[in-house]
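# Structure assessment
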Amino acid sequence: MEELEKTTIEESKFEKALKSGKFTITSELGPPKGVDIEEIKDAAELLRDVIDGINVTDLQSSVMRLGSLTCCHFLKEWGFDPIFQVTCRDRNRLALQSDLMSAYAMGIRNILALTGDYTTTGDHPQACPVFDLDSVQLLWAIKTLEEGKDLAGNELTQKPSFFKGAVVNPGADTEASYELQIIKMKKKVSQGAQFFQTQAIFDAEVFKKFMERIHRENINVPVLAGIILLKSEKMANYMNKFVPGVFVPEAIIKKMEATQDKASMCIEIASTLINEIKPYCAGVHIQALGWERHIPAVVKNIK
Amino acid sequence: MILTEFKPIEEILLKLKDEKKIFIIGCCGCPEGANTGGRKVLADMKEQLEKEGKVVTGILEIDFLCQKALIRSRIKPRTDEINNADSVLIFSCGIGVQSSAAVLNKICHPALNTTTFGGITGMWQGTERCDTCGNCILDCTGGICPYSSCPKKLENGPCAGQSKGKCETDPEKDCAWELIYKNLKKIDRLDILDQFIPPRDYSKILPPAKLRKTKLWALDEEEMI
């Protein structure tokens, strides 16, 4: 049997940065609820030459929007390095494999494999939750495509090759959920995960403990710590109440309460945290949630 | 009646590959009607396992394996044989495997796949639910069904949506994986969670047309002849 042709897209900027050992920075953009691609371009331009890769969320919080794949395609056209977020909520294994191949055909190599929020958390609670694959099985599907086969064992005409990432939550709040995060992280690595982005952290100690634990477990895949730009004390209280795995310590909330200049405090909190955890991770993933304009200042403060 | 079919013997032997001593439990309810249970089926399995060099520490038939109180009373006189076994092989629907796992401090391997609810008669179940999916993996998940207990049907671990052990979809609902972890920890078998579970075979969910015309599924045609 003739060896399948291995098509190669050049290593992405993000992949090169992470492999070089440089402290790597990614951020993310949420596609608009509409068809105007300029919105995402304006946000991306604020990040040009500031960060190494841009995640594009996949119907985040189960809210119907413009697609991640389409936005990744445009980002690529504009000279950015997109990371295509793929969730298992809306597509079965046929559509997932097809979209992965479509991404590769458009020159998109970076994938972030996620389970996805449940349908009832979003704006179409009546929708059918698919979850045909889970995030570990999605990584397995990517690995299988890279071997030149689909999940049914049929041969592909070319072998795509991706740079594959997954997520992990360092702030799981019960013994079972913490241990299961570690177990699942190991499974993700064994199914081909090459990098991790974490759930947002605010407590450097929690993150350090998590990183020490994964080193003890011999998990040697680069981890980018999730950093959310905190806009107000109200946002902190909201996340503490409603966002699983995210915990903003009281000291940070107090700092935010005490200032009128929320933006400067936001930059200070984020850069202090990043400098504190920098020795323990390969980089950070900054979620600006509309405050992309402040990312350059945060990055500038990284020592 | 809840309809079940035999798992292929190769799959059962693979599940039991690291185990030497097996206790067998069969439900006298639905599996007898579906020809996947009953005295002879259990005796045949004993013989097959012994041929493979296993030791069968005992066989127990229980009327309704969906009833935990009944299981508790029936296993009492057989405690030694059960404790002496490495694991338990269960001939029942997914509900019976789950209720057995809830009562016995052993890994409970399903010997059958549950394919469909032919009808509802004969059920005496507790809180356990079966998705009748024909892909039973209850021995990999501590006797908690990830398909009927986790809204996202996650087979390889929880999502990050759980909070304080409760589900993202309902703060009063236990996260299925929290329960899976606790069950396996209780019997010191967390090692089971390291294995990768491939996606479920959805082609097995639809009961075949042939079955739909038999008295096991619908009385219409056969009874009229």
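Residues numbered from 1 in each chain as written. Chains lettered and ligands numbered in written order. Predicted model: local features only at pLDDT ≥ 70, side-chain atom pairs only at ≥ 80, totals over all residues.

## Comments concerning the overall build of chain A
Across its full length, chain A holds eleven helices and ten strands. For 303 residues, the compact-globule estimate of 2.2 N^0.38 gives 19 Å, and the C-alpha radius of gyration of chain A, at 19 Å, lies within 12% of that figure. Seen along its three principal axes, the alpha-carbon backbone of chain A occupies a region of about 70 × 45 × 45 Å. Within chain A, the fraction of its 303 residues that count as buried is 47%. Sequence-distant contacts in chain A: of pairs separated by 6 or more residues, those separated by 24 or more amount to 80%. (Helix = DSSP H or I, 4+ residues; strand = E, 2+ residues; numbered from the N terminus. Rg over C-alpha atoms; globule rule 2.2 N^0.38 Å. Buried ≥ 20, exposed ≤ 12 C-beta atoms within 10 Å, placed from the backbone. Contact = placed C-beta atoms within 7 Å.)

## So, helix α7 (residues 204–216) of chain A
Residues and elements named next belong to chain A. Given a rise of 1.5 Å per residue, 13 residues ought to cover 18 Å, and the 18 Å separating the end C-alpha atoms of α7 matches this to within 8%. Every buried residue of α7 is listed here: Phe-207, Phe-210 and Ile-214. Down the axis of α7, the sector holding all buried residues measures 60 degrees, keeping them to one side. Within α7, the exposed residues directed more than 90 degrees away from the buried face are Glu-205, Lys-209, Glu-212, His-215 and Arg-216. (Expected span 1.5 Å × (residues − 1). Arc of directions from axis to C-beta.)

## Side note on helix α1 (residues 13–20) of chain A
Along an α-helix, residues three or four positions apart point the same way, because every turn accommodates 3.6 residues. Residues and elements named next belong to chain A. Regarding α1, the residues found buried are Phe-14, Glu-15, Ala-17 and Leu-18. The buried residues of α1 all sit within an arc of 160 degrees when viewed along its axis, so they share a single face. Residue Gly-21 follows α1 closely and has a positive phi angle near 90 degrees.

## Structural notes on the sheet that holds strand β3 (residues 55–62) of chain B
Residue and element names in this part refer to chain B. With respect to topology, four strands assemble into an open sheet ordered β3-β2-β4-β5, the strand pairing being parallel. Each edge of the open sheet carries a strand with a single partner, namely β3 and β5 (107–110). Averaged over all pairs of adjacent strands, the angle between their axes in this sheet comes to 25 degrees, without regard to strand direction. In this structure, strand β2 (residues 21–27) lies alongside strand β4 (residues 87–91), joined through five bridges in parallel fashion. The partner of Ile-25 across the bridge, within β4, is Ile-90. (Pairing = 2+ DSSP bridges. Axes fitted to C-alpha atoms, helices over the stretch in contact; angles between N-to-C directions.)

## Focus on the confidence of the model for chain B
With 94% of its residues at a pLDDT of at least 70, chain B reaches an overall mean of 91. By mean pLDDT, helix α10 (residues 220–224) of chain B is the weakest element of chain B at 56, and β4(B) is the strongest at 98. (pLDDT = per-residue confidence, 0-100.)

## Topic: the sheet that holds strand β5 (residues 110–114) of chain A
Backbone hydrogen bonds are what pair the strands of a sheet, in a parallel or an antiparallel way. With parallel pairing, the eight strands of this closed barrel are ordered in space as β2-β3-β4-β5-β7-β8-β9-β10 (chain A). Going from strand to strand, the sheet's axes swing by 30 degrees on average, the running direction of each strand aside.

## Examining the pairing of strand β4 (residues 82–87) of chain A
Residue and element names in this part refer to chain A. Counting buried positions along β4 yields six of six residues, so the element is predominantly enclosed. Side chains Pro-82, Phe-84 and Val-86 project from β4 onto one buried face, and the interleaved Ile-83, Gln-85 and Thr-87 project onto a second face that is buried too. The sheet contact formed by strand β3 (residues 53–56) and β4 spans three bridges and is parallel. Paired with Asn-55 across the two strands is Ile-83, which belongs to β4. Handedness of the β3-helix α3 (residues 68–77)-β4 crossover: right-handed. Here five bridges tie β4 to β5, and the two strands are oriented parallel to one another. What sits directly across from Ile-83, in β5, is Asn-110. (Right-handed = clockwise from strand over helix to strand, strands pointing away.)

## Quick word on the interface of chain B and chain A
Contacts between the two partners involve 26 residues from chain B, matched on the other side by 29 residues from chain A. Tallied by class, residues from the side of chain B that touches chain A come to eleven nonpolar, seven polar and eight charged. (Nonpolar A, V, L, I, M, F, W, Y, C, P; charged D, E, K, R; others polar.)

## What about the packing of α7(A) against helix α10 (residues 262–277) of chain A?
Residue and element names in this part refer to chain A. Between α7 and α10, the least distance of the axes is 10 Å, while the angle of their chain directions is 25 degrees. Classified by the interaxial angle, the pair formed by α7 and α10 is roughly parallel. Classified by chirality, the crossing of α10 by α7 is right-handed. Contact residues: α7 offers Ala-204, Phe-207 and Lys-208, while α10 offers Leu-273, Glu-276 and Ile-277. (Parallel < 35°, antiparallel > 145°, perpendicular 65-115°, else oblique. Left-handed = near helix turned anticlockwise from the far one by under 90°.)

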